[in-house]
Amino acid sequence: MILEKGMITNLQRLSLHDGNGIRTVIFLKGCNMRCLWCHNPETFSQKVQIERIDQKCISCGACVEVCGSGALSMYNGKVHYNAKSCTQNGDCIPVCYSGAMHQVGEMHTSESLYKAIEKDVPFFKFSDGGVTFSGGEPLLQHQFLMEVIQYFKSKDLNIAVESNFNVSWNIISKFLPYVDHWLVDLKFINAEKHKKWTFTDNQKVLSNITLLDNQKVSYELRTPLIPTANNIKEELVAINDFVNQLSNCKQFKLNPYHKLGEQKYKNLGLEYNLAHINEMSHSEFQYWSSLIKK
Amino acid sequence: MEMKEYYLQKIENLKRAKALQTKEKIRKEGLLDEDDYGRIAVPDKGWEIIPNHSDGSFYGIQGWTDNFCDLMDNHPTYIDGNDAFAGRWIYFMSKMRPNKWNPSYPFTHLIANQEKYDIIHGIGDDAHFAPDFELGLQLGWGGLLKKIETSAAINQGEEQEVFYQAHKRAIVSIQGWIKRHIDELALMIQKEEDPLSRENLLKMRETNRAILHHPPKTLRQACQWIIWFHLASRTYNRDGAGGQIDTLLQPYFENDIKNGIIDKEEAIYYLSCFLINDPIYWQLGGPDGNGGDVSSEISFLILEAADKINTSLNITVRVHDHMNQELFDRSLDYLIKHKNAWPRFSGDKGLISGFMKNGYSEELARKRIAVGCNWMSLPGLEYTMNDLVKVNMAKVFEVAFEEIMATSEVKSTAELWGKFTAHLAKAVTTAADGIKHHLKYQKYNEPELILNLLSYGPLEKGRDVSDGGAMYYNLSIDGAGIAIVADSFAAIEQRIEEEKRLSWEDLQSHLNSNFEDENGERIRTLLQNSERYGQGDTKGDKWASLIAEHFSALVKNESDAEQNHCFIPGLFSWANTVGLGKKVKATPNGRKGGEPINHGANPTPGFVVDGGSLALASAIAKVQPGYGNTAPMQWELDPSLAKEEHAEIIGAIIKTHFELGGTLINVNIMDKEQVLAAHENPDLYPDLVVRITGFTAYFAMLSKEFRQLVVDRILEN
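Participant: Now, about the overall build of chain B: what can you tell me, with residues and values included?
Facilitator: A count of helical and extended segments in chain B gives 25 helices and 15 strands. Taking 2.2 N^0.38 as the reference for a compact globule, 717 residues should give roughly 27 Å; the C-alpha atoms of chain B span a radius of gyration of 26 Å, in line with that estimate. Considered along the principal axes of its C-alpha atoms, chain B spans approximately 85 × 65 × 55 Å. Put simply, 78% of the contacts in chain B that link residues at least 6 apart link residues at least 24 apart.

Participant: Please set out the sheet that holds strand β3 (residues 281-284) of chain B residue by residue, giving values where relevant.
Facilitator: All names here are of chain B. Taken together, the six strands give an open sheet; going across it, the order is β2-β3-β4-β5-β13-β12, and neighbouring strands pair in mixed fashion. A single partner strand is all that each edge strand has here, and the edge strands are β2 (241-244) and β12 (633-637). Between one strand and the next, the sheet's axes are offset by a mean angle of 25°, whatever the strand orientation. Of the strand pairs in this sheet, strand β4 (residues 314-319) and strand β5 (residues 344-347) are connected by four bridges, and their pairing is parallel. Looking at β5, one finds that R318 is bridged to S346.

Participant: Requested: an account of helix α22 (residues 612-622) of chain B, with residues and values cited.
Facilitator: Of all 11 residues that make up α22 of chain B, 11 are buried, and the element is covered over most of its length. For α22 of chain B, the full list of buried residues reads G612, S613, L614, A615, L616, A617, S618, A619, I620, A621 and K622 of chain B. Where α22 of chain B is buried, its residues meet β1 (6-15) and α4 (121-125) of chain A together with α20 (539-556), β12 and α23 (647-659) of chain B.

Participant: A description of the sheet that holds strand β10 (residues 181-185) of chain A should follow, citing residues and the corresponding values.
Facilitator: Residues and elements named next belong to chain A. The strand order across the open sheet formed by eight strands is β7-β1-β2-β8-β9-β10-β11-β12, and the pairing between neighbours is mixed. Because the sheet does not close on itself, it has two edges, and the strands there are β7 (106-108) and β12 (249-256). Averaged over all pairs of adjacent strands, the angle between their axes in this sheet comes to 30°, without regard to strand direction. Bridge count for strand β11 (residues 219-225) against β12 is seven bridges, and the pairing is parallel. Each residue of the ladder has a partner; that of Y219, found in β12, is C249.

Participant: Account for the interface of chain A and chain B, naming residues and giving values.
Facilitator: The partner chain B presents 23 residues to the 18 residues of chain A that form the contact. Secondary-structure elements contributing two or more residues to the side of chain A that touches chain B are β1 and α4 of chain A. Broken down by element, the side of chain A that touches chain B gets its largest block of residues, three residues, from β1 of chain A. Among the residues forming the side of chain A that touches chain B, the class breakdown is 10 nonpolar, five polar and three charged.

Participant: How would you summarise the environment of E409 of chain B if you had to cite specific residues and measurements?
Facilitator: Residue and element names in this part refer to chain B. Residue position: E409 is located in the loop between α14 (393-407) and α15 (413-445). The exposure class assigned to E409 is exposed, which follows from the 5 C-beta atoms found within 10 Å. For the pair E409 and N576, spaced 167 residues apart in the sequence, the C-alpha separation amounts to 36 Å.

Participant: Before we move on, can you summarise the packing of helix α5 (residues 158-191) of chain B against helix α6 (residues 195-211) of chain B with the specific residues and values?
Facilitator: Residue and element names in this part refer to chain B. Contact geometry for α5 and α6: axes closest at 9 Å, N-to-C directions at 155°. The angle between α5 and α6 falls in the class roughly antiparallel. Handedness of the crossing formed by α5 with α6: left-handed. When α5 is examined against α6, the residues I178, H181, I182, L185, A186, M188 and I189 are found in contact with a partner set consisting of R198, L201, L202, M204, R205, N208 and R209.

Participant: Requested: an account of the pairing of strand β4 (residues 72-75) of chain A, with residues and values cited.
Facilitator: Residues and elements named next belong to chain A. Inspection of the sheet shows β4 paired to strand β5 (residues 78-81) by four bridges, in the antiparallel sense. Among the inter-strand pairings, M74 is bridged to a residue of β5, identified as V79. What sits between β4 and β5 in their antiparallel hairpin is a turn of two residues, with N76 showing a positive phi close to 55°.

About the thresholds
- In this numbering scheme, every chain counts its residues from 1 along its sequence in written order.
- Note on labels: chains are lettered from A, ligands numbered from 1, in written order.
- Residues qualify for local features only when their pLDDT is at least 70, as the model is predicted, and side-chain atom pairs are given and counted only at 80 or more; totals for whole chains, interfaces and linings, by contrast, use all residues.
- Counting from the N terminus, the helices are DSSP H or I runs at least four residues long and the strands are E runs at least two residues long.
- Radius of gyration here uses only the C-alpha atoms, and the compact-globule reference equals 2.2 Å multiplied by the residue count raised to the power 0.38.
- Any two residues are considered in contact once their C-beta atoms, placed from the backbone, lie within 7 Å.
- Paired strands, in this sense, are two strands between which DSSP finds at least two bridges.
- Helix axes are fitted to C-alpha atoms over the stretch in contact, other axes to C-alpha atoms as well, and angles between N-to-C directions run from 0 to 180 degrees.
- Around each residue's C-beta, the other C-beta atoms within 10 Å are counted; 20 or more make the residue buried, 12 or fewer make it exposed, and counts in between make it partly exposed. All C-beta atoms are placed from the backbone.
- Three classes are used, and their members are as follows: Ala, Val, Leu, Ile, Met, Phe, Trp, Tyr, Cys and Pro are nonpolar, Asp, Glu, Lys and Arg are charged, and the others, Gly among them, are polar.
- Note that the term roughly parallel is reserved for angles under 35 degrees, roughly antiparallel for angles over 145, roughly perpendicular for angles of 65 to 115, and oblique for everything else.
- Crossing handedness is read from the near helix: turned anticlockwise from the far helix by less than a right angle, it gives a left-handed crossing, and turned clockwise, a right-handed one.

Structure representation (C-alpha cells):
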C-alpha cells in the first residue's frame, strides 16, 4: 500500500458548527473556488505558505537579518512584511521565537493525522461526535482523503465531509460508503452570480447535490448569506425552491457572513476584497432566514 | 414548577436583603478574597474575644469554650419575616485571634524548610473535614447532651471531665442562642398584623421550640436544625462542610408530603431559604451501591430552589455511570441559564477507585462525598486537614535549579530532575512533619468543640477529633504549581538540550534579570512557545505526568499505618496562586518573577489556541493524584459554548473528563465584556458571582488584584 500524504492547514478541536456533537475539523489545503467572502484564505493554495502574525511580533528584528529577499524590513522600530517580495523559503521561521512568522501547511499521513486527533476521540463517545474534513476543498486531495477516511473508519470514527461539491461525481461517489454525513455549500442558483463571486460555474455543484439526494445518504445544505451577493429575495427564493424539490436533505440553513477571516488575508499578504461590506445584524439575518422556511 | 406569588415575593425579598448585607459587609469590613459564607456584617461595638494568653490570643479547650459560650450568650438574634428559618452568623471567631498557634508548642525545627520551599504548613488550621448531619438529626441537642453524659460516665479522668464539660457548655450556649430567637419571635408575633406573615412567624417559633431539645421531625425542623449547627460551627471556626443534601432531607420531605403537612411549593420555599442561609458545600446525587442513584424527587426540588435564589451556591452534582440522567440534564440547564458558576460536578469513577487504593472498601469510598472547596470527606468519620497544606512546587524547582547552576559541572534535565525530586521529597516530609506536629498539639491549641459533636469517636472516646478521636486520619497534602514546573522542564529540554538555542548559563542570566536584559524578551517568547503542558502528548505533558506521579508517591510514602496516618496527595492551589507566585522568581517557562503560579492542576493560561476545553479536560485527567483527593479542572467556559443548544456537548465534556479519571470540575461562564465592566465598576455588579477555585464569591467582594487575576484567566481563555 502506498502511503498517501496530504497537505493540512489546521486542526480545529471542539468545533460547534460542522456536524453533530463534539467534532474535530481537519482543514485540507487547496481550493478550486475563490469565494470572495472566504474566511479561510490560507486554504486557497495547496502549497506551504508563510503568514506573518503582527500581534505576536516583539520587534526583535531577527527575521529581518536572515531574510534574503528583502520582504522583511525594519522601520521605525517595527518589522514590516512585503509578501509580494517573499520567496517563501522560510528562513525567517526558525529565528522567530515569538511565532509571528508562521508556516501554514503541513504534510500528514493518515497515521500521523490520527495521532494528532487521537486525544479527542474519547470526547466523541458521549456526544455522537467525530471528525469533519473541511478545507479548502477536501476532495481535491481525494486519494489522500480516501486513505485517511478508511483508516479513521477502521478506528470506528464518525466521519463528516464539508465540500463545495465542485468536483466530479465519480470522486464523490467513491466516498459515499465511508462518509456518515455531508455538509455541502449551496451558494447561488444564479449561474452568473456564482461565477462572479466564486470564479467558478455552479452547474456541477447543483447536479452533484441532486445526485447526492438520490443516494439517500445523510446530508445538509448551507448557504453563506453574503450582503450584496445573495441576500436578494429572488436568489434566496430560487435557492429555497431548489432545496424544496430535494427529498432527503436533513437540514438547510443560512450561515451569516462574518469578517473573522479578514486578518488572515493581511497575514498572508493577500487583499481582502470585501473589507467594505459590513456584517449584518441579527434581526436582518433572522429576516432572511424566515424566507427559506418551507 | 410555578410558585405562588406569596413564596416568590418572599424569596425575592430575601435575595434583596442578601444583596444589601453583602454591600454593607464590604463597606464595613473591606474586600475579601474569600467565599461569601452567608455571613453578615459585624455590628458596631461588637463582641470581642477574651484572651487567655499574654500574646492576646486564646488557646486550649478552656479558652475556646469560654470564648464560644460568651459569644453565643451575646450573639445578636436574626429573624427575617420573609425567611422560613431564624439565624445568621456574624463573627469569625477563629479569625479574631491575633495569633492562631499556641506558642507553647513551637515548630522551630520545621521553619527553615517551610520557608525554603514556601510550604503552607496548616499548623493550627481548623475544620476542613465533614460532620455527619445525620447524627445530629437523629439525636437533636438533647440527644447529644445525653450522649455526652453517657460517654462521660464511661471515660472518667480529669482531662475527660474538662473535655465533656466543654462540649456540654457549648451545646447549652447554642440552645441559649436558639432560645433567644424563640423569645424574640414571640415579640414579633405580637406586633405582626399581616395574617400570612404572622402565620410564618408562628411556624418559625413552633419549629424552633420543637428542636430546642428534641430531634427534628419535619422538613422545616430538619433544615432549621442543620442551620443552627452550621451557624454555630461557622462562628466557631468557619467550618463550611455540608453533606449529601438530598438523602439527608428526603425522609422528612416524604413524610411531610405523606402526612399533608406541606406541598411541593412550600418545600421549595423552605429549600430556597435553607440554601440562601449559607453557601455550604452540598453534594447532590450519587451512586446508591445497588447500581442506581441516590437522587429522588427532593433532589430536583433542591435544584429548583437553587434556581429561585441563584446566589453564590456550592452544590456539586456527582457524575457516575448509573447517574440520574434527568438530574444531570437539569443541572446543566441551570448552569447555562444562570451562568452563575453553579452547580459544579464531581467524578465518581476516579474518586472511588482512587480512594480504594488507600486500602479502603468500595462501600466506604462511596461515602466520601463532595463537601468542601476542592475536597471530599467521609462525614463524621475522618480528620483530614483538607486544602490546608500546600507545597509550592514552583519554589522547589527554583531551589533545585539554583543548586544545579551552583554545583553541577555537567547540567542536564536528568540531573535537574534528580535535584528537584530530592528537594520535593524534603518539602513533602516537611509538610507531613508539620501535620504530625499539628496532630500532636492541636487539642491544646484549638479543639474542634463543635465538629466533635457530629463525628463518630470524639465523644465516645473522650478525645478531640484531631487527637485520635476520629476513626480515620486521611491527611491531605496538595502540590501547587505543577504547570510552571512541567513547562520549565519542557522548555529546558527542548530549547537547551535538543535545539541548543541557548545555554544553561544564558538561561540563568535571563532569569536573574527577570528577562529584562538584552535579548531577554526574545528568549522569553522562545521559552513560552516551547511544548507546554496541556497541549497533548508534548514534552510539557510528559513532565507534568511525571511530576504528579512522583509527588503522589512521596506523599503516600509519609503514611504510617501504626499511627493510623494515611497521607493523600492532591493538586490544588486554592486562591493562593497570587501569594505562592510572589515567592518565586522568574522561571524557565518564560514566567516573570512574582507572577502568579498556575491554578491548581490547570495548565498555564494561553496553552492552546483553540479547543481549550477539550485540551484542559484531557490534560487534567492525566495528572490526577489518584488516591481519592482531587486535581480539579477549573473551567472558564466560553459563553459562546454555554448555550442551551450545546448542553449535550458540555455534558459530554464533563462525562469524558470523569471517564478519563478526572475528579472535580469547577465551572465559570463569564462574558468578557461584562467581567471587564465589573472589574472597572464592581459596585454596579453586586450579583455577579465567580467561582474562584472550589468556592464561589461575589466579584464585587474581591480585591482589585484578585479581580485582575480572574479577568486575566477569562480573557486568556
